[in-house]
Amino acid sequence: MSGVTRPGGTAFNAVRLAFAALAVAFLLLPLVAILPLAFTDSVFLVYPISGPSLRWFGALAESQAWTRAIVNSLIIGTGATVVATVVGTLAALGLRRELLPFSGLLRSVFLLPMVVPAVVLGVGMQILYARMGLASSYLGVIIAHAVLCVPFVLVNVASALASIDPALERAAASLGASPVKVFRGVTLPLAMPGILTGAVFAFATSLDEVVITLFVAGPNQTTLARQMFSSLRENISPAIAAAAFIIMILTFALLLAVKGASLFTALRRKQRAEPSEA
Amino acid sequence: MSARFKALLLILPLVLFLGFFFLWPLWMMISTAVQGGTVRLAFPQTATAIASWDGGGPPPASLQAALIRDLRTDTPQERFGDAVRTLNSQQAGFRTLLPRTARAVREAGETDVVDLAAVDPRWNEQGYWLALKRSMPAYTDANLLAAVDLKRNDEARIEPVEADFAVNRAIMLRTFVIAGQVTLLCAAIGLPFAMLAASVSGWKRNALLIAVLLPLWTSLLVRTAAWLILLQDNGLINQTLRALGLIETPLSLIYNRTGVLIAMTHVLLPLMVLPIYASLIAIPRNLMPAAAALGAAPLQAFRHVLLPLAMPGLLSGSLLVFMVALGYYITPALTGGAGDQMISSVIAFYATGTANWGMAGALGLFLLVPTTVLYILYGRLSRTPLVQT
């Protein structure tokens, strides 16, 4: 801590180091341990891996249930992301200046889907869908997923909007730009990283959603996550590790792209702001 | 157009969307829980006839005739089944009694007089008729009572259900206990971890933060699958312990409470670390050196300076972890045994297994209320956003 020697000595430091190592191992070991097992040639999910092989990826590609599930996940994830990103971004813009009465309350209500237990919402949706004829339909699953994705869009876009300096928009307006032009030329580009992050989180949320899917989807709408859930219940084979590998690569690639882009802009902004420290 | 009106237009799509597909389903779930509609819908004439019977003495002939007429009409199979299930939950025996009676009534000719007591002597018992009467009102507390192992007896007084059927309270208690245990475990690991992350700088801090964020970004199913693999009898952990000579026979770490606690703690730990870290990072950097300079031993400085300042973060982290843990379904379903299932799995059983939406709704309400209360509390106490990005 800023160069001050801590009293306590080496014993204390050894305890700290041991704790840090154990905690990091606890957090990361499961993620690291599952990856190599995707490439085993054995039928058991155990170490040591007897030989490297792509047979379980082949097994996934040949299985109609798994390929169908992957396609379903992409369809439903894309649909839910589009719906959630559009309504979530509009709402974040509407809440931006806190012009409405009860803005804070509205925001809390909008975040509720993240908090309400999934089974509770699942029961309600199942009852509603049965009456509306949306049960076991793609549209129904897309809507259900979009409800869960909206908070992620809202939070990300709102924080991107909050970091925009209002002076920039005022300057554009004073130079004669119409409100639409200010929005398209200044606000939207500045908010874009937040909108993209929100969309990626929405997609990742839909990709990982199981519980609501169990309630509202029919056999034709089985998603990757749901397929994985049922195979984990039945028998754990290395196909699971291969599926986990695909999901991890997919989410990390998406997140790293967005995170990388926003870190890059943040870094450049910081460099510009404090050139002496850079 | 005023700015306020524009803002309203912008939030309108989300208000409509969530109103329609989030709040309305929740409302439907609650109203289904208190609706006594299933029996009423299946036996409309009986409903009218039974209203004029005071419940004392044997049921009048007109009531019996109304029931026979209802059984003769072609009620959809599903609706009839729902009604039988509801009645059976009030009074065991209806599951066999009603289908048998319906068959007898239909086999008899249109004009024949059917003697219900001759079809099944149970129709002589007052209890069945009283249960029928109790199930008729448009609204009922039967599901809500059943959710906490209570029922109304023949005198409409509330009493506990038979010990064999009283399982819900135990499961609710277990849900709160597991959520509490997970919260404690998360706090025990998360507090020192966040303090450590806040006290170092540079790559060390980044490494610690990435260790928290990577699991958070990883699919819940992948994380649960990973624990299933690690904790098996011949999984990596048992293999390592055996190789080190620490154990002879494998520890059973999965499909029991140990498995549930390990996996849930792993899943929820980031939600504990991040709020504590956020509250610690806001502390002026020279506070701890100042305490040390004034002569405080590390433990003293920790107790009187760092811990009080970390408290708000610890509190919001604990609330968050507890709240999310209450509603967990996937992780206990996969890593726990039969005795580790939480209330969510009972709700899922009623809704998808037996289509008893009334019961699922009632239990859902008992999960929804504490969660909402905790969320309101969380909103009051904490400034940390729910989503960490």
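Residues numbered from 1 in each chain as written. Chains lettered and ligands numbered in written order. Predicted model: local features only at pLDDT ≥ 70, side-chain atom pairs only at ≥ 80, totals over all residues. Heavy atoms only, no water.

### A short note on the overall build of chain B
Here comes step 1: In terms of helices and strands, chain B carries 19 helices and 2 strands.
Here comes step 2: Against the compact-globule benchmark of 21 Å for 389 residues, chain B has a radius of gyration of 29 Å, which places it well outside the compact range.
Here comes step 3: Viewed in the frame of its principal axes, chain B has a C-alpha envelope of about 100 × 75 × 35 Å.
Here comes step 4: For chain B, the residues scored as buried account for 51% of the 389 residues in total.
Here comes step 5: Just so you have it, chain B exposes about 17900 Å², and 64% of that area is on carbon and sulfur atoms.
Here comes step 6: Of note, chain B has its 28 positive side-chain charges centred 19 Å away from the centre of its 21 negative side-chain charges. (Helix = DSSP H or I, 4+ residues; strand = E, 2+ residues; numbered from the N terminus. Rg over C-alpha atoms; globule rule 2.2 N^0.38 Å. Buried < 20%, exposed > 50% of the residue type's maximum accessible area, 1.4 Å probe, protein only. Areas by Shrake-Rupley, 256 points an atom, 1.4 Å probe, with all protein chains shown as cover. Lys, Arg positive; Asp, Glu negative; His and termini not counted. Charge placed at Lys NZ, Arg CZ, Asp CG, Glu CD.)

### Concerning the overall build of chain A
Here comes step 1: Of regular secondary structure, chain A possesses 11 helices and 0 strands.
Here comes step 2: Secondary structure elements in chain A, listed N-terminal to C-terminal, are α-α-α-α-α-α-α-α-α-α-α.
Here comes step 3: Here chain A has a C-alpha radius of gyration of 24 Å; the compact-globule value for 278 residues is 19 Å, and the former is much larger.
Here comes step 4: Structurally, chain A occupies a C-alpha span of about 70 × 70 × 30 Å along its principal axes.
Here comes step 5: Total accessible area on chain A is roughly 13000 Å²; 69% of this is exposed by carbon and sulfur atoms.
Here comes step 6: Measuring between centres, the 18 positive side-chain charges of chain A sit 7 Å from its 10 negative side-chain charges.

### Some details on the nonpolar core
Here comes step 1: In this structure, A:Met228 and B:Leu268 are the most contacted members of the largest nonpolar core, which totals 176 residues.
Here comes step 2: When residues in this core are grouped by element, the largest group, 15 residues, is from helix H6 (residues 138–162) of chain A.
Here comes step 3: Among all residues touching A:Met228, those that are not within four sequence positions of it are A:Trp66, A:Ile240, A:Ala243, A:Ala244, A:Ile247, B:Leu221, B:Val222 and B:Ala225.
Here comes step 4: In this structure, B:Val84, B:Leu87, B:Phe94 and B:Leu97 belong to the second largest nonpolar core, which totals 30 residues. (Core = buried A, V, L, I, M, F, W, Y, C linked by side-chain atoms within 4.5 Å. Contact = heavy atoms within 4.5 Å.)

### Some thoughts on a nonpolar patch on the surface
Here comes step 1: A contiguous nonpolar surface patch, about 510 Å² in accessible area, is contributed by B:Phe5, B:Leu8, B:Leu9, B:Leu12, B:Val15 and B:Leu16.
Here comes step 2: Its location among the elements puts B:Leu8 in helix H1 (residues 3–34). (Patch = residues over 30% accessible without salt bridge, like charges linked within 9 Å, V, L, I, M, F, W, Y side chains within 5 Å. Salt bridge = Lys/Arg side-chain N within 4 Å of Asp/Glu carboxyl O.)

### Brief notes about the interface of chain B and chain A
Here comes step 1: At the interface, 80 residues of chain B touch 85 residues of chain A.
Here comes step 2: Of the roughly 7700 Å² buried where chain B meets chain A, counting both sides, 84% is carbon and sulfur surface.
Here comes step 3: Among the residues of chain B in contact with chain A, B:Phe21, B:Phe22 and B:Trp217 are the three that bury the most area, contributing 9% of the side total.
Here comes step 4: For the interface between chain B and chain A, the tally reads 0 salt bridges.
Here comes step 5: Across the contact surface, chain B and chain A share 9 residue pairs in polar contact (both at pLDDT 80 or more).
Here comes step 6: Of the residues forming the side of chain B that touches chain A, the biggest block, 20 residues, is contributed by H1(B).
Here comes step 7: Residue composition of the side of chain B that touches chain A, grouped by class: 60 nonpolar, 17 polar and 3 charged. (Buried area = accessible area lost by both parts, 1.4 Å probe. Polar contact = N/O pair within 3.5 Å; in protein donor to acceptor, adjacent residues only side chain to side chain. Nonpolar A, V, L, I, M, F, W, Y, C, P; charged D, E, K, R; others polar.)

### A few points about the environment of B:Leu132
Residue and element names in this part refer to chain B.
Here comes step 1: Within the secondary structure, Leu 132 sits in helix H8 (residues 126–134).
Here comes step 2: Residue classification places Leu 132 among the buried residues on the basis of a relative accessible area of 1%.
Here comes step 3: The sequence separation of Leu 132 and Gln 91 amounts to 41 residues, and the corresponding C-alpha distance is 9.0 Å.
Here comes step 4: Excluding residues that lie within four positions of it along the chain, Leu 132 makes contacts with Val 39, Thr 46, Ile 50, Leu 67 and Leu 87.

### Remarks on the packing of helix H3 (residues 64–95) of chain A against helix H8 (residues 179–208) of chain A
All names here are of chain A.
Here comes step 1: Viewed as axis vectors pointing N to C, H3 and H8 meet at an angle of 140°, and their least axial separation amounts to 9 Å. Judged on the interaxial angle alone, H8 and H3 are oblique. Here the hand of the crossing between H3 and H8 comes out right-handed. Between H3 and H8, the contacting residues are Ser 73, Leu 74, Ile 76, Gly 77, Thr 78, Ala 80, Thr 81, Thr 85, Thr 89 and Leu 93 on the first element and Phe 183, Ile 195, Ala 199, Ala 202, Phe 203, Ser 206 and Leu 207 on the second.
Here comes step 2: Looking at the contact of H3 with H8, its residues break down into 10 nonpolar, 7 polar and no charged. (Axes fitted to C-alpha atoms, helices over the stretch in contact; angles between N-to-C directions. Parallel < 35°, antiparallel > 145°, perpendicular 65-115°, else oblique. Left-handed = near helix turned anticlockwise from the far one by under 90°.)

### Thoughts on the packing of helix H7 (residues 166–174) of chain A against H8(A)
All names here are of chain A.
Here comes step 1: At a minimum axis distance of 10 Å, the contact between H7 and H8 shows a crossing angle of 165°. The angle between H7 and H8 falls in the class roughly antiparallel. Along this stretch, H7 crosses H8, giving a crossing that reads as right-handed. When H7 is examined against H8, the residues Leu 168, Glu 169, Ala 172 and Ala 173 are found in contact with a partner set consisting of Val 182, Val 186, Thr 187 and Leu 190.
Here comes step 2: Tallied by class, residues from the contact of H7 with H8 come to 6 nonpolar, 1 polar and 1 charged.

### Some thoughts on the confidence of the model for chain A
Here comes step 1: Averaged over every residue, the pLDDT of chain A is 88; the share at 70 or more is 94%.
Here comes step 2: Confidence drops under pLDDT 50 across residues 1–5 of chain A; counting only partners more than four residues distant or on other chains, this segment forms 7 contacts. (pLDDT = per-residue confidence, 0-100.)

### Observations regarding helix H14 (residues 257–281) of chain B
All names here are of chain B.
Here comes step 1: With 25 residues, H14 extends 35 Å between its outermost C-alpha atoms, agreeing within 8% with the 36 Å of an ideal straight helix rising 1.5 Å per residue.
Here comes step 2: The buried count for H14 comes to 20 of 25 residues, which makes it a mostly enclosed element.
Here comes step 3: Sitting at the amino-terminal end of H14 is Asn 256, which places a side-chain oxygen 3.1 Å from the backbone nitrogen of Thr 258. (Expected span 1.5 Å × (residues − 1).)

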